[in-house]
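# Geometric and topological summary
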Amino acid sequence: MKTCIATVSISGTLSEKLEAISAAGFDGIEIFEQDFITDSGSARDVGKRIRDQGLSIDLFQPFRDFEGLPGALRAKAIDRAERKFDLMQELGAELMLVCSSVHPKALGGIERAAEDLRALGERAAARGLRIGYEALAWGRFVNDHRDAWEIVRRADHPNLGIILDSFHTLGRNLDPTSIRQIPGDRIFFVQMADAPRIDMDLLYWSRHFRNMPGEGDLPVTDFLRAVLAAGYTGPVSLEIFNDQFRGGSPRTIARDGYRSLVTLLDDVRRAEPEVRADLPVIPPRQRLEGTAFVEFATRGAEGDTLRSQLTALGFVETGRHLAKAITLWQQGDIRIVLNEEEGDFAGSAFNMHGTSVCDIGISVASSAETLARATALGATGFAQSPAVGQLDIPAIRGLGGGLLHFLDERHASVWRDEFGVDRSGPRGAGLVSVDHIAQTMTYDEMLSWSLFYSSLLGMSKAPMVDVIDPDGLVRSQALAAPDGAFRVTLNGAETHRTVAGSFLASSFGAPVQHIAFATEDMFATARAFAAAGFEALPIPGNYYHDLAARFDIAPAELARMQRHNILYDEDETGTFRQLYSRPAAGGLFFEIVERTGGYSGYGAPNSPFRIAAQKRLAPPKGLPRD
Ligand SMILES: O=C(O)c1ccc(O)c(O)c1
Ligand SMILES: [Mg+2]
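Below: a short report on this structure.

Rules used in this analysis
Residues numbered from 1 in each chain as written. Chains lettered and ligands numbered in written order. Predicted model: local features only at pLDDT ≥ 70, side-chain atom pairs only at ≥ 80, totals over all residues. Heavy atoms only, no water. Core = buried A, V, L, I, M, F, W, Y, C linked by side-chain atoms within 4.5 Å. Buried < 20%, exposed > 50% of the residue type's maximum accessible area, 1.4 Å probe, protein only. Helix = DSSP H or I, 4+ residues; strand = E, 2+ residues; numbered from the N terminus. Contact = heavy atoms within 4.5 Å. Donors = N, O, S within 2.8 Å, 3.2 Å for Na, K, Ca; no water. Tetrahedral: all angles 85-135°; square planar, octahedral: opposite > 155°, others 65-115°. Near = heavy atom within 4 Å. Polar contact = N/O pair within 3.5 Å; in protein donor to acceptor, adjacent residues only side chain to side chain. Areas by Shrake-Rupley, 256 points an atom, 1.4 Å probe, with all protein chains shown as cover. Nonpolar A, V, L, I, M, F, W, Y, C, P; charged D, E, K, R; others polar. Patch = residues over 30% accessible without salt bridge, like charges linked within 9 Å, V, L, I, M, F, W, Y side chains within 5 Å. Salt bridge = Lys/Arg side-chain N within 4 Å of Asp/Glu carboxyl O. Lys, Arg positive; Asp, Glu negative; His and termini not counted. Charge placed at Lys NZ, Arg CZ, Asp CG, Glu CD. Pairing = 2+ DSSP bridges. 1 Å grid on protein atoms, 1.4 Å probe; cavity = no way out; pocket = protein on both sides within 12 Å on 5 of 7 lines; lining within 4 Å. Points joined across faces, edges and corners; volume = space filled by probe spheres on them. Domains from an automatic or database assignment.

## Some details on the nonpolar core
Counting 155 residues, the largest nonpolar core has Ile31, Leu224, Leu228, Phe296, Ile336 and Phe517 as the members making the most contacts within it. The greatest single-element share of this core, amounting to eight residues, is contributed by helix H11 (residues 250–271). Filtering out sequence-adjacent residues up to four positions away, Ile336 remains in contact with Val294, Phe296, Leu310, Phe315, Thr327, Leu328, Trp329 and Phe517.

## Overview of the coordination of the magnesium ion (ligand 2)
Within the protein, the atoms that donate to the magnesium ion (ligand 2) are Glu134 (OE), Asp165 (OD), Gln191 (OE1) and Glu239 (OE), at distances of 2.1 to 2.2 Å. Coordination at the magnesium ion (ligand 2) comes from six donor atoms whose angles at the metal span 77 to 178°, giving a geometry best classed as octahedral. Sequence positions of the donors to the magnesium ion (ligand 2) reduce to the motif E-x30-D-x25-Q-x47-E. On the criterion of sequence distance, the pair formed by Asp165 in strand E6 (residues 160–165) and Glu239 in the loop between strand E8 (236–238) and helix H10 (243–246) is long-range, its members being 74 residues apart.

## Remarks on the site of ligand 1
Neighbouring ligand 1 are 14 residues; Arg64, Glu134, His168, Arg207 and Glu239 lie closest to it. Between ligand 1 and the protein, one listed contact pairs an oxygen atom with a side-chain N or O atom of Gln61 at 3.2 Å. One of the side-chain N or O atoms of Gln191 is found 3.3 Å from an oxygen atom in ligand 1. In isolation ligand 1 has 290 Å² of accessible area, and contact with the protein removes 100% of it. The residue makeup of the shell around ligand 1, split by class, is five nonpolar, three polar and six charged.

## Focus on a negative patch on the surface
Residues Asp552, Glu570, Asp571 and Glu572 make up a contiguous surface patch of negative charge. For Glu572, the position within the fold is in the loop between strand E22 (567–570) and strand E23 (575–580). On the basis of relative accessible area, Glu572 is assigned to the exposed category, the value being 78%.

## So, the pairing of strand E24 (residues 589–595)
Taking burial as the measure, the seven residues of E24 include seven buried ones, the bulk of the element. Residue alternation in E24 divides its side chains into two sets, Phe589, Glu591, Val593 and Arg595 and Phe590, Ile592 and Glu594, and both sets are buried. Of the strand pairs in this sheet, strand E21 (residues 512–519) and E24 are connected by five bridges, and their pairing is parallel. Of the residues in E24, the one forming a bridge with Ala518 is Val593. Here E23 runs beside E24; their pairing, made up of five bridges, is antiparallel. Paired with Leu579 across the two strands is Ile592, which belongs to E24.

## Digging into unusual backbone geometry
That bond from Gln61 to Pro62 is cis: its omega, -10°, falls within 30 degrees of zero. With respect to the element layout, Pro62 can be found in strand E3 (residues 56–63).

## Topic: empty space enclosed by the protein
Tallied over the entire structure, the rule returns three cavities of 30 Å³ or more. Estimates place the volume of the second largest cavity at around 60 Å³. Around the second largest cavity sit 13 residues that line it, and Ile360, Leu399, Gly402, Leu403 and Gln439 are the ones nearest its centre. Listing elements by their share of the lining of the second largest cavity, those giving two or more residues are strand E13 (356–364) and strand E15 (403–407). Counting residues per element, the lining of the second largest cavity draws most heavily on E13, at four residues. Taken domain by domain, the lining of the second largest cavity gets at least three of its residues from each of domain 2 (288–419) and domain 3 (431–617).

## A look at the side chain of Asp471
Here Asp471 is to be found in the loop between strand E18 (465–469) and strand E19 (472–480). Judged by relative accessible area, which is 13%, Asp471 ranks as buried. Within the structure, Asp471 has its side chain in polar contact with the side chain of Lys615 (distance 2.6 Å).

In C-alpha cells:
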C-alpha cells in the first residue's frame with residue numbers, strides 16, 4: 001500500500017519538505033498548490049524535483065468552490081479548472097481534489113452538483129486526468145461523505161470518484177461504517193488525520209489542530225478499517241494542518257508522520273485480517289514486563305552524593321561490573337546501575353548533562369521483535385561495541401539522546417555474568433519496583449514522544465493533564481502498559497521558570513527528571529527512611545487541613561501523613577500515597593508511591609503543592625523568592 005503525505009503537513013520550503021518526506025520513507029505526496037506557487041521553479045522543474053527525490057505526485061489540491069455555481073460563475077470555474085489541468089499535466093499529477101463548495105453564490109441540490117462534477121469528469125477524461133470529490137466538514141451544502149458519495153454515484157463518470165478524509169467524517173462524529181458500502185474502486189484517494197477532542201468551530205479545529213493518526217482522540221483505526229474493507233487499495237495519505245508542525249523540524253514531523261502511518265496500517269491489518277490491500281508486515285507491539293534497570297551516568301563527588309541518596313532510600317550496592325567502573329545497586333526488584341566510565345556512552349552523557357539517567361532497561365516479551373518493530377518505525381538504533389564478557393542487548397535512542405535497552409529472558413544472565421549477582425535485592429526500606437519514570441521535554445516535543453511510546457511499545461495514553469507550577473503551566477501526558485508494568489509520564493515545559501523548564505535548561509536536556517519507586521507499605525517505608533537519614537520534601541500544614549476537608553481520613557492517620565510529609569489522593573477505584581525526596585544536584589529527584597485498589601493515576605491534584613514545595617527549597621536561578 002502506497003504511503004503519502006500532503007506537503008502542507010511539513011514546515012519549510014518545498015525543497016526542504018520534499019527532502020524530509022523522502023528521507024522519512026514515504027512513496028508519494030499530495031502537492032498543495034500553494035507550495036507550488038511559492039516555489040520559483042516551473043511546473044516541469046518542480047515535477048522533476050519531486051520525482052528526483054524518489055516521490056510520486058499522487059494528488060494535486062485543493063480545487064475549491066466548483067460545483068453549484070450559476071451562469072457566468074460556472075463558466076469561469078470551468079475555465080479555472082482547465083488552467084489547473086494544464087498545470088497538473090506539466091507537474092505530472094493525474095488526480096485533482098475538488099472540495100465541496102463554500103461559495104456564497106453556490107446553489108444546493110445533489111443533482112446539480114452531480115451534473116457539474118460529471119462535466120468536470122468528462123473534461124478531465126479528455127486529458128487522461130481524474131477528479132476526486134471531498135466533502136469538507138464545513139461545506140455549504142455538502143459536508144458529509146455520504147452526500148459526497150451520492151453525488152459521485154449519480155454523476156456516474158469513470159474519471160470521477162470520492163476522496164475520503166478521516167477528519168471531515170470523524171470530526172463531525174459521522175459513523176465511518178457507512179464507508180463499507182462504497183465500492184472500493186470509486187474511492188480515488190484517502191486522507192488520514194487525527195485531532196485532539198476540543199469543542200470548537202470545525203474549520204478552525206481542522207486548520208490548526210489536526211495531528212498524526214494516534215496522536216489525537218479520533219477513531220482513525222475504525223475509519224481506515226472501513227475504507228480498506230470497502231476494497232480500497234490506493235494510496236493512504238496524511239493531510240495534517242497543525243500550527244505547531246508548521247513551525248517544527250521538517251525531518252522530525254515527517255518521521256513522526258511515517259511512524260504514525262505505518263503503525264496505523266499495522267493496527268488495521270491486525271483488526272481487519274480479510275482486507276485485500278497489501279499492508280506492511282511488522283512485528284506486533286511487545287508486552288512490557290517491567291523496568292529491568294535504570295542507569296545513571298555519574299562521576300566523582302556527584303557519584304558520592306547519589307550513593308548517599310540511594311543508601312538513604314534503602315538501596316545497597318550488590319555488585320561491581322567485571323570490566324568497567326559500573327556498580328549495581330538493588331532493592332526488591334529494582335536495579336539501579338551507576339556508570340562512572342569516562343570513555344563510553346555514559347561518559348558522554350555525564351559530560352553533557354551531569355549526573356543523569358542515561359539508559360533505561362525495559363523487560364519485554366521479545367527484545368529482537370521489539371527492536372525490529374522500532375526499526376521499521378524509524379527509531380534510531382544504538383550499538384556500542386560490548387566490552388569483553390558484555391552481552392549485546394538491543395537498544396535504541398530515546399528522549400534527549402538517552403538509551404532504551406530491551407531485555408528478555410535471553411538476557412537474564414547479564415547480572416550474574418557481568419556483576420556476579422543472581423538474585424533480587426534486599427528488602428531495604430520496602431521499595432519493590434519502579435512505578436514510573438518522569439521525562440521532561442519542551443511542550444512541542446510531547447506529541448512526538450508520546451507517539452514514540454504508543455507506536456513502538458505496548459503502551460497507551462491517559463488523558464493529558466495540566467500541572468500548575470507557580471511560574472507557568474506544565475502539560476503532563478502519562479503512558480502505561482495495560483497492567484502498569486511499565487509507566488512513563490511526559491512533562492512538557494513552556495518556560496524556563498517552571499521546575500520542569502529550569503531542570504531542562506540546567507541539565508541541557510537530561511531525559512529523566514524523576515524516578516518513582518513503588519512501596520506496598522508507605523508508612524513502613526517512611527519510618528525506614530527516617531531511620532536512614534532520608535530528608536523528605538517538606539509539605540506545609542495547609543495541605544493537611546485541606547486533605548481533612550476533602551477526604552474522610554482518621555485524624556491519627558492524617559497526623560502520620562503530615563509527620564512524614566506524605567501526600568494523598570484517591571478515586572473510585574483506590575488510594576494513592578506519595579512521598580518526595582528533596583531535589584538533588586541538577587534538579588533530579590525521587591518519589592515513592594503506594595497504590596491500592598485500581599488507582600492508576602499519578603496524584604495530579606497534588607502536583608501544584610509538590611512543585612511549590614520544591615521551589616521553596618531550591619528557587620530557580622535568577623528568580624529570588626520570599
Ligand atoms: O481546510 C481546507 O480548506 C481543506 C482543503 C483541502 C482538504 O483536503 C481539506 O481536508 C481541507
Ligand atoms: Mg482533506
